[in-house]
Every structure is written in C-alpha cells, then in structure tokens.
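Residues per chain, in single letters:
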Amino acid sequence: MVTLPVSVLRIGSWTRFAHTHTNQKEWDLVCYGSPVERELIWRVQAQGHHFRIQVSFDNIQQLRLSQQIQLETGEFVGQLEVESKLPLTFSMWRFGQDQQWVRCGDFTEDRQASMVCTHVLQGNHELFKQALLDLIALAPELATKIRVMPVVMDLQAPPLDLGRDFTVSPSATPEPSFMMPGFSGFVPQPMYNGNYGMINPQQLATTTTKENS
C-alpha cells in the first residue's frame, strides 16, 4: 500500500478533509494506492461508518501533478488530479452491522462521483512526488499515465474566497448494493486541459525548477 499525502479531496463540489479543526474522527480521509488490488482508494468516515471510492488502475486515464492554491487557506499546495473512466466502485463498512466491505451506491453529494471524471487531491507537493515514485515502483503500468507540471515559484495567490460553500456528505448511509451504480451516460468536460507530454520516474525524482516565462 502506498499512502498519498492528502489533506483535501474534491469531486465536483463534494469536498472531504483529512480531519476537522477539532480533530473529529468522523471527518477522517485516507487516500492510498493498492498495487495488490490495482486500485486507488479514497476512504472516508462519517457517523461511525466507513466508506470507500475505488478507482481501478485500468480505468485511470491520467494522473496530473501540479502546484495550485488551496481555497480554504490561500496557500500553495501540491495538487494531484486523477482522471478516470466511469463508473467507479463504491463500498461501505457500517459500524455494528457489517463484517466486511459491502458494495453500495454512490454516497457522494448528488452522486457527483458517478458523473465527474476528475478527482482533485491536495497535499504536500514533494510528498506527492515521492508517493508517485513509490507507486510506479510497485505498479509500473502507471508510469505512462503520469504528467508533472513544473513548479512556478513566482505565482501570486488570489484573494481567499471565504464565502465558498463545501458539501461534505455522506449525510445518510446508502443502501448496500451488489450491482454497479447506474451510469447516466453524462461525460463532463475535463477540468484540466494541460499537455505536459510523457513522464518517466527520473523526471519525478528531479528537483523542481522555476518555469520559464
């Protein structure tokens, strides 16, 4: 298992944080790659129950690493965008009810994970690079799907949007399901259209430099 250093996960407007300011466990977020199961997994906890979003390596179209502004703090952070084909797999482990992970429907707000193709993970940029190197070592097939944008050191942060609303469901426990959630056929435009060319593990390991104007 390769842990991804994630502090924020966004799928559309649905947003989860690694922890709250009061360190309440029900807001916990853990993201990692499993070379054994060949999946990227986002795991959250709410009201004592555990939920997972599973992204198969085969469905991953691109992994894009860049440096962006975190909306909540106005600080520069690493941003890993995971672009995947749909549908995804969802599962849950209900406290006091389940003895193992049980397949379920999309538990994100308005089922956005069943419509939005790009998931945005934010955290430490350098730790993201190291995690991708570790993941490539165990799952070499992902190397051709990774794109890295050079770090720009002289960017100016925009004013912090303090009025932005974030949805942080699951607000209700979904029902178990042994079938894949229905796919509406809606395919939104990608959130990012950058073209960085092919990447190799050596490029991930190099020291980032200031982008030429």
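Residues numbered from 1 in each chain as written. Predicted model: local features only at pLDDT ≥ 70, side-chain atom pairs only at ≥ 80, totals over all residues. Heavy atoms only, no water.

- Going by an unreviewed UniProt entry, the protein chain carries the name TRF2/HOY1 PH-like domain-containing protein and comes from Rhizopus stolonifer.

## As for the nonpolar core
- Ranked by internal contacts, the top residues of the largest apolar core, which has 41 residues, are Leu40, Trp42, Ile53 and Leu121.
- Among the elements that make up this core, the one with the highest residue count is helix α1 (residues 125-138) (5 residues).
- Beyond its immediate chain neighbours, meaning those up to four positions away, Leu40 contacts Tyr32, Gly33, Ile53, Gln54, Val55, Phe57, Ile60, Leu63, Val82 and Leu135. (Core = buried A, V, L, I, M, F, W, Y, C linked by side-chain atoms within 4.5 Å. Buried < 20%, exposed > 50% of the residue type's maximum accessible area, 1.4 Å probe, protein only. Helix = DSSP H or I, 4+ residues; strand = E, 2+ residues; numbered from the N terminus. Contact = heavy atoms within 4.5 Å.)

## Some words on unusual backbone geometry
- Residue Pro87 is bonded to the preceding Leu86 through a cis peptide linkage, with omega at 0 degrees.
- When you line up the elements, Pro87 lands in the loop between β8 (76-84) and β9 (89-93).
- Positioned with a positive phi, Arg38 is a non-glycine residue whose angle comes to about 55 degrees.
- The class for Arg38 is partly exposed, based on a relative accessible area of 29%.
- Unusually for a residue other than glycine, Arg111 sits at a positive phi of about 55 degrees.
- Topologically, Arg111 is positioned in the loop between β10 (102-103) and β11 (118-123).

## Observations regarding the environment of Ser13
- Residue placement: Ser13 occurs in the loop between β2 (6-11) and β3 (14-17).
- With a relative accessible area of 33%, Ser13 lands in the partly exposed category.
- C-alpha of Ser13 to C-alpha of Gln112: the two residues are 99 residues apart in sequence and 8.0 Å apart in space.

## A closer look at the environment of Ser91
- If you trace the backbone, Ser91 turns up in strand β9.
- On a C-alpha basis, the gap between Ser91 and Arg52 in space is 5.2 Å, while along the polypeptide they are 39 residues apart.
- Excluding residues that lie within four positions of it along the chain, Ser91 makes contacts with His50, Phe51, Arg52, Gln54, Trp101, Val102, Arg103, Cys104 and Phe107.
- In terms of polar contacts, Ser91 uses its side chain to reach the side chain of Gln54, at 2.9 Å. (Polar contact = N/O pair within 3.5 Å; in protein donor to acceptor, adjacent residues only side chain to side chain.)

## Side note on the pairing of β3
- Alternating positions in β3 separate into two faces, Trp14 and Arg16 on one and Thr15 and Phe17 on the other, with burial throughout.
- Taken together, the 4 bridges between β2 and β3 define a ladder with antiparallel strand orientation. Paired with Ile11 across the strands is Trp14, a residue of β3.
- A loop of 2 residues connects β2 with β3, the two strands running antiparallel in sequence, and Gly12 in this loop sits at a positive phi of about 65 degrees. (Pairing = 2+ DSSP bridges.)

## Some thoughts on the packing of aromatic side chains
- Scanning all chains against the criterion turns up 4 aromatic pairs.
- For the pair Phe51 and Phe107, a centre-to-centre distance of 5.0 Å together with 50 degrees between the ring planes defines the contact as tilted. Taken together, the positions of Phe51 in strand β6 (residues 49-56) and Phe107 in the loop between β10 and β11 put the pair 56 residues apart, joining distant regions of the chain.
- Classification of Phe51 as buried rests on a relative accessible area of 1%.
- By the ring-pair criterion, three or more aromatic residues cluster together here, those being Trp14, Phe51, Phe90 and Phe107. (Phe/Tyr/Trp six-rings, centres within 6.5 Å; stacked < 30°, edge-to-face > 60°.)

## Points about the environment of Lys129
- As for its position among the elements, Lys129 is in helix α1.
- The spacing of Lys129 and Pro5 is 124 residues in sequence and 9.9 Å in space, taken between C-alpha atoms.

## Comments concerning the sheet that holds strand β7 (residues 60-69)
- Pairing is mixed across the open sheet formed by 6 strands, whose spatial order is β3-β2-β11-β8-β7-β12. Of all strands in the sheet, those with a lone pairing partner are β3 and β12 (146-148), marking the two edges. Strand-to-strand, the axes of this sheet are offset by a mean angle of 20 degrees, without reference to chain direction.
- Bridging between β7 and β8 involves 9 bridges; their strand directions are antiparallel. (Axes fitted to C-alpha atoms, helices over the stretch in contact; angles between N-to-C directions.)

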